Amino acid sequence: MNKFYITTPIYYLNDKPHIGHAYTTIAADILARYHRLIGDETWYLTGTDEHGTKIAQAAEAQKMEPQKYADKISAEYQKLWDQLNISHDDFIRTTEKRHELSVHKFFKILKDKGALYKDKYVGLYCSGCEKFLTETELVDGKCSDHNKEPEKIEEENYFFKLKDYVQKVKEMIEKDEIKVLPAKAKQEVLGLFKQGLEDFSVTREHVKWGIPFPGDEKQIIYVWVEALHNYISAIGYETGEHTKWWPAEVQLMAKDIIKFHAIFWPAILLAMGEKPPKTIFAHGFFTVNGQKMSKSLGNVIDPAIMATQYGTDATRYLLVSQFPFGEDGDIKEKLFVEQYNSHLANNLGNLLSRVTNIVAKNFQGNLGTIDIKKTGQQKIKESIEQGNKLFKQYLDNYQIDKFLGFVFGLGGETKQQSVLDLLNNYIEQTKLWELVKSDKDAATIVCYDVLESLRIVATWLWPVMPTTTDKIMTQLGLPTLEVQLGKAKSFDSLVAWGSKATGQKVTKGEGLFQRL
Ligand code: MSP
């Protein structure tokens with residue numbers, strides 16, 4: 001059995017979650033569910049990044065203690081993940097004791113291995129922003145937000161000897177020993193090495209809200225370094241149990257934080273004597289209705305509201321189907337209703353209700369025993385069998401949109417007919433509603449073909465729309481997919497043509513997606 005450990009970034013708590021956070025978390029959920037489906041032992045970690053100035057400021061603005069504030073926003077994240085049916089195995093909060101203890105061990109190891117040294121940190125500090133600014137961020141020598149000259153601050157900090165490890169990290173990325181995906185992201189990261197990389201400070205004196213450096217309590221551990229550590233603190237680094245899951249199979253994020261993940265993080269791991277992650281996947285960054293998402297523009301989409309409007313499964317579908325996974329894109333809110341109606345309510349929902357209706361009315365829900373050799377007509381079986389291959393091929397390669405494309409026919413990339421179009425056309429061309437009156441035997445085969453195809457399509461759709469899968473299974477008279485999986489010899493046997501759909505009672509249930 002293969003192991004599959006997948007992580008998302010841990011999100012900042014300076015504000016409540018938006019669809020950017022939901023996008024990554026849903027994508028990771030799809031990959032985690034896919035790997036569970038094909039039988040891999042899977043662990044999915046997400047969580048919240050709770051220390052640092054940003055959070056302390058946000059808490060202050062709300063006149064709350066940082067910890068109380070963190071508790072509140074972190075709970076909103078957890079509530080949202082429940083609402084979106086995220087199947088994470090663990091949720092790490094960096095203010096948890098288990099994380100703090102693990103960070104202590106981690107820093108002790110870095111110190112013992114000689115990867116840290118003390119030096120002066122000199123930077124331009126803007127008290128308005130409560131952060132260091134670079135020369136390039138200044139306008140006429142002033143902070144543009146506060147129209148104030150920053151203060152030159154000198155403090156003694158611990159530095160990490162990044163330079164000792166960059167060459168090794170670079171080589172590992174070049175040789176794909178650390179896969180940085182997609183190819184564009186790898187190029188971007190390799191470009192960063194050319195610019196030169198300096199040792200960086202891993203503690204701060206002026207920051208108050210964080211984990212103190214053990215043995216030098218005036219120093220607070222830099223929030224990014226401590227946050228990256230979550231990926232192993234959560235799986236038991238402190239007790240040594242992390243080796244069950246580490247190294248992660250894939251660490252997912254958007255490209256905004258790739259430098260931290262593809263360079264600093266592997267370097268730190270090498271310094272600790274740990275393996276770097278196997279894959280860093282940076283998906284694209286999206287705008288909303290053509291503009292960067294921002295509160296002032298009022299275009300921030302709240303995923304919780306979206307889920308109330310469209311339902312959980314449709315929200316998951318709509319978010320990941322908008323643009324190719326791994327590329328930048330734009331989320332056009334006005335397309336949601338149209339896509340919901342055409343892809344989900346019509347293409348999938350109507351197909352199921354048409355065929356279950358016919359079978360319920362004309363066969364009392366039961367097609368009886370069928371000679372499998374006669375089934376799979378008009379390229380139906382061929383298309384489903386090809387789909388079984390494509391399903392794995394696409395999801396093994398993080399091509400979530402391509403997978404949805406061959407089922408629903410998104411985008412214009414493949415002109416090939418989508419599986420659902422093929423099935424809908426099959427009903428049209430055979431005029432099933434008339435055929436069932438004129439030639440019941442022929443109609444039995446058509447009904448079987450569509451039901452069996454829907455069973456397999458529903459299995460593929462489980463990672464994206466788990467509740468919809470089970471609604472389909474119920475109408476087909478089958479147990480939930482999880483129950484089926486428990487009994488099946490393998491995933492392949494589960495999606496083999498002809499393995500299920502005879503004998504059980506088909507019922508016409510409620511429509512899968514009510515038209516909007
Ligand atoms: N706390 C750090 C991560 C530490 S990980 C050790 C952080 N948090 S964040 O809340 O800002 O989350 C950034 C991540 O949110 C992105 O990498 C991406 O996964 C997701 N996204 C936020 N906005 C997004 C878009 N507009 N588009 C795509 N992904 C988005 O950085």
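In short, a report on the structure. Keep in mind that this is a model prediction, so the values were computed, not measured.

## Quick notes on the sheet that holds strand 12 (residues 212-213)
Phase 1 of the analysis: If you trace the 3 strands from one edge of the open sheet to the other, you get 11-13-12, paired in antiparallel fashion. Only two strands of the sheet have a single neighbouring strand rather than two, namely strand 11 (203-204) and strand 12.
Phase 2 of the analysis: Pairing analysis gives 2 bridges linking strand 12 to strand 13 (residues 216-221), with the strands arranged antiparallel. By the bridge assignment, proline 212 is partnered in strand 13 with isoleucine 220.

## Side note on the pattern of salt bridges
Phase 1 of the analysis: A full pass over the atoms with the stated rule returns 24 salt bridges.
Phase 2 of the analysis: Note that arginine 93 and glutamate 50 form a salt bridge whose closest N and O atoms lie 2.7 Å from each other. Here arginine 93 is found in strand 3 (residues 90-93), whereas its partner glutamate 50 is found in the loop between strand 2 (41-49) and helix 2 (53-61), with 43 residues between them in sequence. Per residue, the accessibility class of arginine 93 equals that of glutamate 50, and both read buried.
Phase 3 of the analysis: For aspartate 90, the salt bridge goes to arginine 98, with nearest N and O atoms at 2.9 Å.
Phase 4 of the analysis: A residue is classified by how much of its surface remains accessible, and arginine 98, at 27% relative accessible area, is partly exposed.
Phase 5 of the analysis: Taken together, the salt bridges that share partners define one network made up of Asp29, Arg33 and Arg316.

## Comments concerning the site of the ligand
Phase 1 of the analysis: Among the 24 residues in the neighbourhood of the ligand, the closest are listed as Ile10, Thr24, Asp49, Ala254 and Asp256.
Phase 2 of the analysis: Alanine 254 places a polar main-chain atom, nitrogen or oxygen, 3.0 Å from an oxygen atom of the ligand.
Phase 3 of the analysis: In the complex, the protein chains occlude 93% of the 670 Å² of accessible area that the ligand would expose alone.
Phase 4 of the analysis: Of all the secondary structure elements, the ones that give two or more residues to the shell around the ligand are strand 1 (3-12), helix 1 (19-37), helix 7 (223-228), helix 8 (230-233) and strand 14 (250-254).

Criteria and thresholds
- Residues numbered from 1 in each chain as written.
- Predicted model: local features only at pLDDT ≥ 70, side-chain atom pairs only at ≥ 80, totals over all residues.
- Heavy atoms only, no water.
- Pairing = 2+ DSSP bridges.
- Helix = DSSP H or I, 4+ residues; strand = E, 2+ residues; numbered from the N terminus.
- Salt bridge = Lys/Arg side-chain N within 4 Å of Asp/Glu carboxyl O.
- Buried < 20%, exposed > 50% of the residue type's maximum accessible area, 1.4 Å probe, protein only.
- Near = heavy atom within 4 Å.
- Polar contact = N/O pair within 3.5 Å; in protein donor to acceptor, adjacent residues only side chain to side chain.
- Areas by Shrake-Rupley, 256 points an atom, 1.4 Å probe, with all protein chains shown as cover.

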